[in-house]
Amino acid sequence: QVQLVESGGGLVQAGGSLRLSCAVSGSIFDTDTMAWFRQAPGKEREFVAKIWWSGGKPYYADSVKGRFTISRDNAKNTVYLQMNSLKPEDTAVYYCAGSRRSDATTSYAYAYVYWGQGTQVTVSS
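Reading the values: rules and limits
Residues numbered from 1 in each chain as written. Predicted model: local features only at pLDDT ≥ 70, side-chain atom pairs only at ≥ 80, totals over all residues. Heavy atoms only, no water. Phe/Tyr/Trp six-rings, centres within 6.5 Å; stacked < 30°, edge-to-face > 60°. Helix = DSSP H or I, 4+ residues; strand = E, 2+ residues; numbered from the N terminus. Buried < 20%, exposed > 50% of the residue type's maximum accessible area, 1.4 Å probe, protein only. Disulfide = S-S within 2.5 Å. Salt bridge = Lys/Arg side-chain N within 4 Å of Asp/Glu carboxyl O.

### Side note on the packing of aromatic side chains
Then, in step 1: The full count for this structure, using the stated rule, is seven aromatic pairs.
Then, in step 2: Relative to Y112, the ring of F37 has its centre 5.2 Å away and its plane inclined at 75°; by these criteria the two rings are edge-to-face. On the criterion of sequence distance, the pair formed by F37 in strand β4 (residues 33-39) and Y112 in the loop between β9 (92-99) and β10 (114-115) is long-range, its members being 75 residues apart. The same class applies to F37 as to Y112, namely buried.

Pasting the structure below:
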């Protein structure tokens, strides 16, 4: 079993920055891909970014490319999401997720079996 705990959300003005953290514990070797998803009120959960514990180039949704950066610290079993140039449309609950898969399906929520409790990000205009 894997436990994911997010932190770092909050209220920020448009143009500002936040860094989210996801602490991973338990059977960490049961995950290959780690990702961030977000869900705004009345909308479906959407993919934001993903990264692999083993390395490789991270992958981003077009809506955040160039503004968000996903990274990992294998020694600390932690995944980060640095969010810059935030926009009001980035307002959502952000979830950390872990998948046993490493293929293209990992851009979709159904590929993930482990989820954190979510952290609220609110961007004011």
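### Quick notes on the state of the cysteines
Then, in step 1: Taken as a whole and judged by the stated rule, the model has one disulfide.
Then, in step 2: Here C22 connects covalently by a disulfide to C96, the sulfurs 2.0 Å from one another. Around the S-S axis, the bridge from C22 to C96 shows a dihedral of about -80° and counts as left-handed. One end of the pair, C22, is in strand β3 (residues 18-26); the other, C96, is in strand β9, with 74 residues separating them in the sequence.

### Quick notes on the pattern of salt bridges
Side-chain pairs of opposite charge can arise whenever the charged atoms involved come near each other.
Then, in step 1: Summed over all chains, the structure comprises five salt bridges.
Then, in step 2: When the shortest N-O distance is used, the salt bridge between K65 and D62 registers 3.0 Å.
Then, in step 3: Overall, the relative accessible area of 66% leaves D62 in the exposed class.

In short, geometric facts, not functional conclusions.
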